[in-house]
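# Analysis of the macromolecular model
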Amino acid sequence: GDSVTQMEGPVTLSEEAFLTINCTYTATGYPSLFWYVQYPGEGLQLLLKATKADDKGSNKGFEATYRKETTSFHLEKGSVQVSDSAVYFCALTASGSARQLTFGSGTQLTVLP
Amino acid sequence: NAGVTQTPKFQVLKTGQSMTLQCAQDMNHEYMSWYRQDPGMGLRLIHYSVGAGITDQGEVPNGYNVSRSTTEDFPLRLLSAAPSQTSVYFCASGTYNEQFFGPGTRLTVL
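Every chain's residues receive numbers from 1 upward, in the order its sequence appears when written. Starting at A for chains and at 1 for ligands, labels are handed out in the order in which the entities are written. For a predicted model such as this one, the threshold for reporting local features is a pLDDT of at least 70, and the threshold for listing and counting side-chain atom pairs is 80 or more; totals across whole chains, interfaces and linings nevertheless cover every residue. Derived side-chain values reflect all non-hydrogen atoms in the structure, with water molecules and hydrogen atoms excluded from consideration.

### What to know about the environment of leucine 45 of chain B
Helix numbering and strand numbering both begin at the N terminus, where a helix is a DSSP run of H or I of at least 4 residues and a strand a DSSP run of E of at least 2. Relative to the helices and strands, leucine 45 of chain B is located in strand β5 (residues 42-51). The cut-offs for exposure are 20% and 50% of the maximum accessible area for each residue type, with area from a 1.4 Å probe on protein chains only; residues under the lower value are buried, those over the upper are exposed, and the others partly exposed. On the basis of relative accessibility, which here comes to 6%, the residue leucine 45 of chain B falls in the buried class. Separated by 10 residues in sequence, leucine 45 of chain B and tyrosine 35 of chain B have C-alpha atoms that sit 4.5 Å apart. What leucine 45 of chain B contacts, discounting residues up to four positions off in sequence, is Gln100 of chain A together with Ser33, Trp34, Tyr35, Gly58, Glu59 and Val60 of chain B. Note on definitions: a residue-residue contact is assigned when non-hydrogen atoms from the two residues lie within 4.5 Å.

### Some thoughts on unusual backbone geometry
The step from glycine 9 of chain A to proline 10 of chain A runs through a cis peptide bond, and the omega angle for that step is -5°. Residue placement: proline 10 of chain A occurs in the loop between β1 (3-6) and β2 (11-14). Cis geometry is found at the peptide bond from threonine 7 of chain B to proline 8 of chain B, where omega equals -10°. Structurally, proline 8 of chain B is set in the loop between β1 (4-7) and β2 (10-13). For lysine 60 of chain A, which is not a glycine, the phi torsion comes out positive at approximately 55°. Despite not being glycine, threonine 71 of chain A shows a phi value in the positive range, around 40°. Here threonine 71 of chain A lies in the loop between β8 (62-65) and β9 (75-77). In this structure threonine 71 of chain A comes out as partly exposed when scored by relative accessible area, which is 30%.

### Concerning the nonpolar core
All names here are of chain A. Counting residues in hydrophobic clusters, the biggest one holds 26 residues, and the most contacted among them are Trp35, Leu47, Leu48, Phe73, Leu75 and Tyr88. At the level of elements, β2, β3 (19-21), β4 (23-26), β5 (32-38), β6 (44-50), β8, β10 (86-93) and β12 (107-112) are the ones that each hand at least two residues to this core. Looking at this core, the element that brings in the most residues is β10, giving four residues. Leaving out residues up to four positions away in the same chain, phenylalanine 73 has contacts with Cys23, Leu33, Phe34, Trp35, Leu48, Lys49, Ala50, Ala64, Thr65, Tyr66 and Cys90. Residues enter a nonpolar core if they are buried and are Ala, Val, Leu, Ile, Met, Phe, Trp, Tyr or Cys, with the set joined through side-chain atoms within 4.5 Å.

### Quick look at the state of the cysteines
Throughout, a disulfide means two cysteine sulfur atoms within 2.5 Å of one another. Scanning the model with the defined rule gives two disulfides over all chains in all. Cysteine 23 of chain A shares a disulfide with cysteine 90 of chain A; S-S distance 2.0 Å. Of note, the bridge from cysteine 23 of chain A to cysteine 90 of chain A carries an S-S torsion of about -70° and is left-handed in sense. With cysteine 23 of chain A in strand β4 and cysteine 90 of chain A in strand β10, this residue pair connects regions lying 67 residues apart in the sequence. For the pair cysteine 23 of chain A and cysteine 90 of chain A, one class covers both residues: buried. The side chain of cysteine 23 of chain B participates in a disulfide bridge whose partner is cysteine 91 of chain B; the two sulfur atoms lie 1.8 Å from each other. Looking along the S-S bond of the cysteine 23 of chain B-cysteine 91 of chain B disulfide, the torsion reads about -70°, which is the left-handed sense. In this pair, cysteine 23 of chain B sits in strand β3 (residues 19-25) while cysteine 91 of chain B sits in strand β9 (residues 87-94), placing the two residues 68 residues apart along the sequence. Cysteine 23 of chain B sits in the buried class, given a relative accessible area of 2%.

### Remarks on the sheet that holds β9 of chain A
Residue and element names in this part refer to chain A. Ordered in space as β3-β9-β8-β7, the four strands form an open sheet in which the pairing is antiparallel. Every other strand in the sheet has two partners, leaving β3 and β7 (56-59) as the edge strands with one partner each. Taken over all neighbouring pairs, the strand axes of this sheet differ in orientation by 15° on average, direction set aside. Two strands make a pair as long as DSSP finds a minimum of two bridges between them. In the sheet, β3 pairs with β9 via three bridges, with the strands oriented antiparallel. Only the contacting stretch of a helix is used when fitting its axis, a line to C-alpha atoms as for every element, and angles between N-to-C directions run 0 to 180 degrees.

Structural data, given as structure tokens:
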């Protein structure tokens, strides 16, 4: 079946550091890929998405590129802030929609001032 | 516009007890779903609904029942709680392009 593998956390960075969170996937066909963010005590929020190969999703300074050749969708940000501290989830759907998401295990990010 | 609301926020049950987790949305979304979140495992889909009167099973449906009598509400029922159902439960509603998640219910089964 479909699956998503994320880099193990937790990740601790200093403010203004560069962030990479690795995400690889296994899926048949052409999945849509997502990054969700969960701030403490809250539900998940969609951060960005990409629906086809070579698409780049971006939002709030975060970026991720859909790489079909490496089955990857790594999340990057050039300069993190304390307010970026959260849990980040990579996810996919087998169809073109955002429904019936398959999630990775999540990566806890802490940014220190 | 409250979005997706869930009640209660916290609940402690004893093994064998039953309860219903409530979920409501005010965005007129046809699609709603329930996930559970366990440490190190991300979120897993329990049940989902594509509209009033229509429900289907997700990845981990055993021990849970759902119904969808209105567009707004999608309750999740535990008929006989087990310690393995200790988890954080998230309800979501959405469109073809995006899902919106509620704040979650933290359930402990002793």
